[in-house]
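# Geometric and topological summary
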Amino acid sequence: MNVFVRVPTGGCNKSRLLNGFIAFFIRQPKFLSSTSFMHNQSAFCAETRHAYELWIGEMRSSGCSSTAAVIVLLSLSFTVGCKRGHRTQEPASAGGQIRAYTGQMESDDGHWLRATKDYANTRYSSLNQINTGNVSQLHVAWTFSTGVPHGQEAAPIVANNTMYIATPWPNVLYALDLTKQGAPLKWKYEPHPSPASKGEACCDWVSRGAVYDNGKIFFNTLDGYTIALNADTGAELWKTHLADISHGETITMAPMVVHNHVFVGNSGGEFGVRGWLAALDTNSGKLAWKAYNTGPDKEVLIGQRFKPFYKTDQGTDLGVKTWPPDAWRVGGGTVWGFLAYDPKLNLIYYGTANPGPWNAEVRPGDNKWTSGMFARDPDTGEAVWFYQMSPHDLFDWDGINEDILLDLPMQGQNRQVLVRPDRNGYVYVIDRSNGQVLSATPYVHITTTTGVDLQTGRLQHVPEKTPRTGQVVKDICPMAPGAKDWQPSSFSAQTGLVYIPHQNMCMDEEGTEANYIAGTPYIGASVQYYPGPGGHMGELTAWDPIAGKPVWVIKDKYPIWSGTVSTAGGLVFFGTMDGWFKAADARTGNVLWQFKTASGIIGQPVTYRGPDGKQYIAILSGIGGWPGSIVAGKLDTRDGTAGNGWGKALPNIRNEVTPGGTLYVFALP
């Protein structure tokens, strides 16, 4: 809905201004009918406020008095009731800034080839057909059932008029034909993964999706295989076995392709596996290189090029020396999050997960190279730098969160940075050329640390919150799933803001005995989670990475476990665990549209241009994942530790949400 007509800049023309508003009433008579207006009121009011800002600025620059615009606009707002309490969720305002992004971004062809959208992990689309003025008119264009009632975390992949959907175990890959009405099935591939892998998955049987590159579609199976298919026909091109489920290894991540390598990491830190990242040849599936995240430098691929910024990350064989004898062999540090790639520096970036076990008393030392992030050469695997967000991790704060690559004015100059909303509760801005932390600012309530020392890069811990064996330590904030778990943020070039879906939660923890037995849980902690300050568990925060402040916050009763996508239409899309798919104004946080799906949403929304030229929004609905395992796994919440701590936090969720597995695709009429 384009409400306002742009005023020519050749001078003030009050009659033209008034005629523009009159024309709106003539062109949109149905909009002012009671039913239509009540449906579209929030979108109209948001558009009115945005247009007011644009008009005042333009009229001042053209020498026209703003008085007439103010009078007319206020009259219009009064007429349609924008001054009355319209039905939007009012976010908390907090003092950050909205500024257009001035850095370069990847070109956008309207497809969605990888889970992260682009190599910079922005999850930003330049499509603007769906915008703040018309998003209230979104309707379901078509749906597709995956047939798997477990956590649907995958991002739908769109390439060459085909959509690819990867399901949780049994990891079926569907190809849907977007050129035909209702997107019928084009082909499907069933890998038949081992049922035993379900018992080795700590947090549901999820898959975070596939990746398209050069006529091939790549995806992973829970039982440890990476598979390449012909994207047109579904024919298997190769299948490579990487993870050993007998030792607790699984694969849940979405792969990434750079040059002629597809990158895959393992899951299973809660089973005492040893983490790694592998590079496979995209044509043959043969292993090109494999870098471990614990152990001697030779196996971590640390050599002459390795130059970390901070002294505590400098030295020889720290992947061995910072552990008790041989503990690094079962030390975790898995890779199951998202990779980023800088083509100018020719570096890939990825995070490493928690050390094992959770009980930190049995593994004194910094426990390199866990709970941190690597920069590596994608062609050789050589480590270039490393930074450890949480040395000697005390709270299961995996470092697998996404890194968003941006060029920002920092400390008086333009810096090549990565922005990381970390599990430990801080938003880091890091120089991606060398690993220097430029800023680290809390984005949630924190009781466990007092900040990050920018001279040393180290977290400053509160000793009283250190977990202890046989003792319950209360009010640990953030809790083990962190301020934010895997759910990916997005960045808008329009606003310059990062949209962070996350938790507002704390926990009580007691250290317990931990004994390693291959293929069995290796944790050593008993935890229970509960809401943080305010009594709500979820938030979507619009974050200014330059000022280090939030601009607005949307609160939700459950953790916001879905990812976000932001668009040039001025929107940010996200889902809730009780099944609502929502669109918020990226500038204000006002919710302009929402739709109730059949299950909870923990997936990654995407947007694309269809073969008909229309913009579409897609999301998978199906509760599961770590918190959603309460529903998908039918766990008994009378046990507060059920689901590794979620029983206490979600005692009634099974009465509100049912399992499911449905793709929803939305479009304008």
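Residues numbered from 1 in each chain as written. Predicted model: local features only at pLDDT ≥ 70, side-chain atom pairs only at ≥ 80, totals over all residues. Heavy atoms only, no water.

## Quick look at the layout of surface pockets
Here is the rule: Put simply, the grid is 1 Å and covers the protein atoms alone, a cavity is a trapped set of points that fit a 1.4 Å probe, a pocket is an open set with protein on both sides within 12 Å along at least five of seven lines, and lining residues have an atom within 4 Å of a point. Grid points are joined across faces, edges and corners, and a volume is the space filled by probe spheres set on the points. Helical segments are the DSSP runs of H or I of at least four residues, strand segments are the runs of E of at least two, and each set is numbered from the N terminus. Here the term charged refers only to Asp, Glu, Lys and Arg, the term nonpolar to Ala, Val, Leu, Ile, Met, Phe, Trp, Tyr, Cys and Pro, and the term polar to all other amino acids, Gly among them.
Computed from the structure, the second largest pocket encloses a volume of approximately 360 Å³. Considering the residues around the second largest pocket, the lining is formed by 17 residues, among which Gln104, Met105, Ala120, Pro343 and Arg432 are closest to the centre. Broken down by secondary-structure element, the contributors of at least two residues to the lining of the second largest pocket are strand S16 (340-342) and strand S20 (404-410). Classifying every residue of the lining of the second largest pocket by side-chain character gives eight nonpolar, three polar and six charged.

## Considerations on the pattern of salt bridges
Here is the rule we go by: For this document, the term salt bridge refers to a Lys or Arg side-chain nitrogen within 4 Å of an Asp or Glu carboxyl oxygen. Relative accessible area decides the class of each residue, using a 1.4 Å probe on protein chains only: under 20% of the type maximum gives buried, over 50% gives exposed, and in between gives partly exposed.
Here the structure, examined in full by the defined rule, presents 23 salt bridges. Put simply, Lys180 and Asp177 hold a salt bridge, and the shortest N to O gap is 3.9 Å. Accessibility expressed as a relative area gives 12% for Asp177, which makes it buried. Two residues, Arg305 and Glu382, come together in a salt bridge whose shortest N-O distance is 3.5 Å.

## Focus: the nonpolar core
Selection criterion: The set of buried Ala, Val, Leu, Ile, Met, Phe, Trp, Tyr and Cys residues whose side-chain atoms join them within 4.5 Å is what this entry labels a nonpolar core.
By size, the foremost hydrophobic cluster in this structure holds 166 residues, and its most contacted members are Met163, Tyr529 and Phe573. Grouped together as the second largest cluster of nonpolar side chains are 13 residues, Leu497, Val551, Val572 and Ala586 included.

## Points about the sheet that holds strand S19 (residues 383-388)
Rules: When DSSP locates at least two bridges between a pair of strands, those strands are taken to pair. To get an axis, fit a line to the C-alpha atoms, keeping to the stretch in contact for a helix; angles then go from 0 to 180 degrees between the N-to-C directions.
Read from one edge to the other, the open sheet built from four strands follows the order S16-S17-S18-S19, with strand pairing classed as antiparallel. Bordering the open sheet on either side are S16 and S19, each of which pairs with just one other strand. Taken over all neighbouring pairs, the strand axes of this sheet differ in orientation by 20° on average, direction set aside. In the sheet, S16 pairs with strand S17 (residues 347-351) via three bridges, with the strands oriented antiparallel.

## Brief notes about helix H7 (residues 642-649)
Just so we agree on the cut-off: Contact between two residues is taken to exist if any of their heavy atoms lie within 4.5 Å; hydrogens are not considered.
Most of H7 sits inside the fold, with six of its eight residues counted as buried. Along H7, the positions that sit buried rather than exposed are Ala642, Gly643, Gly645, Trp646, Gly647 and Ala649. Residues of H7 that are buried make contact with strand S29 (505-511), strand S30 (525-531) and helix H6 (625-632).

## Side note on the confidence of the model for the chain
Here is the rule we go by: Residue-level confidence of the predictor, termed pLDDT, takes values from 0 up to 100.
Chain-level statistics for the chain give a pLDDT mean of 89 and a share of 86% at 70 or above. Counting contacts from residues 65-89, a segment whose pLDDT is below 50, to residues more than four positions away or on other chains yields 48 contacts.

## What to know about the packing of aromatic side chains
For clarity, the cut-off: Centres within 6.5 Å make a pair out of two Phe, Tyr or Trp rings, where for Trp the six-membered ring is used; the pair is then stacked when the planes are under 30 degrees apart, edge-to-face when over 60, and tilted otherwise.
Counted according to the given criterion, the structure contains 33 aromatic pairs. An angle of 50° between the planes, with centres 6.0 Å apart, marks the rings of Tyr349 and Trp385 as tilted. Placement of Tyr349 in strand S17 and of Trp385 in strand S19 is noted, with a sequence separation of 36 residues between them. The class of Tyr349 is buried, set by a relative accessible area of 0%. The class for Trp385 is buried, based on a relative accessible area of 0%.

## Quick notes on the sheet that holds strand S5 (residues 162-166)
If you walk across this open sheet you meet the four strands as S4-S5-S6-S7, and the pairing is antiparallel. If you trace the sheet from one side to the other, it starts and ends with strand S4 (157-159) and strand S7 (185-189), each paired once. Each neighbouring strand pair of the sheet contributes to a mean axis angle of 20°, computed without reference to strand direction. Where S4 lies against S5, three bridges are found, and the strand directions are antiparallel. From the neighbouring strand, Ile157 faces S5, where its bridge partner is Tyr164.

## A short note on empty space enclosed by the protein
Applying the stated rule across the entire model yields six cavities of 30 Å³ or more. Taken together, 28 residues form the lining of the largest cavity, with Cys202, Cys203, Arg208, Glu270 and Trp336 sitting closest to its centre. Approximately 40 Å³ is the volume attributed to the second largest cavity. When the residues that make up the lining of the second largest cavity are grouped by side-chain class, the tally is six nonpolar, one polar and one charged.

## A look at unusual backbone geometry
Cis peptide bonds are those with omega within 30 degrees of zero, and the linkage from Gly356 to Pro357 qualifies with -5°. On the secondary structure map, Pro357 appears in the loop between S17 and strand S18 (372-376). Note the cis peptide between Cys477 and Pro478, where omega equals 0°. With respect to the helices, strands and loops of the structure, Pro478 is situated in the loop between strand S26 (472-476) and strand S27 (490-491). Of note, Ser371 is a non-glycine position whose phi angle comes to about 50°, a positive value.

## Examining the pairing of strand S6 (residues 173-177)
In terms of burial, S6 is a largely internal element, five of the five residues being buried. Side-chain alternation along S6 places Leu173, Ala175 and Asp177 on one buried face and Tyr174 and Leu176 on a second face that is also buried. Pairing analysis gives five bridges linking S5 to S6, with the strands arranged antiparallel. Within S6, the residue paired with Thr162 across the bridge is Asp177. Linking two consecutive strands that pair antiparallel, namely S5 and S6, is a turn of six residues; a positive phi of about 60° is found at Asn171 within it. Sheet topology places S6 next to S7; four bridges connect them, and they run antiparallel. Each residue of the ladder has a partner; that of Leu173, found in S7, is Tyr189.

## Here's the deal with the state of the cysteines
Between two cysteines, a covalent bond joining their sulfur atoms is known as a disulfide. Test applied: Pairs of cysteine sulfur atoms within 2.5 Å are what we label disulfides.
Applying the stated criterion across every chain, the model contains two disulfides. Cys202 shares a disulfide with Cys203; S-S distance 2.2 Å. Classification of the bridge connecting Cys202 and Cys203 rests on its S-S torsion, roughly -85°, and on that basis the disulfide is left-handed. Taking relative accessible area as the criterion, Cys202 reaches 37% and is therefore assigned partly exposed. One disulfide in the model links Cys477 with Cys506; its S-S distance is 2.1 Å. Classification of the bridge connecting Cys477 and Cys506 rests on its S-S torsion, roughly 105°, and on that basis the disulfide is right-handed. Of this pair, Cys477 sits in the loop between S26 and S27 while Cys506 sits in strand S29; the two residues are 29 residues apart in sequence, bridging distant segments of the chain. Using a relative accessible area of 0% as the deciding quantity, one classes Cys477 as buried. Take Cys506: its relative accessible area is 3%, and that puts it in the buried class.

## Looking at the environment of Tyr101
Going by this rule: Definition of a polar contact: a pair of N or O atoms within 3.5 Å, with one able to donate and the other able to accept a hydrogen when the atoms are protein atoms, and with sequence-neighbouring residues admitted only if both atoms are side-chain atoms.
Along the chain, Tyr101 turns up in the loop between strand S1 (92-93) and strand S2 (124-125). You can call Tyr101 buried: its relative accessible area is 13%. A C-alpha to C-alpha distance of 6.4 Å links Tyr101 and Gln494, two positions 393 residues apart in sequence. In contact with Tyr101, other than residues within four places in its own chain, are Leu406, Asp407, Leu408, Phe491 and Ala493. A distance of 2.8 Å separates a polar atom in the side chain of Tyr101 from the backbone nitrogen of Asp407.

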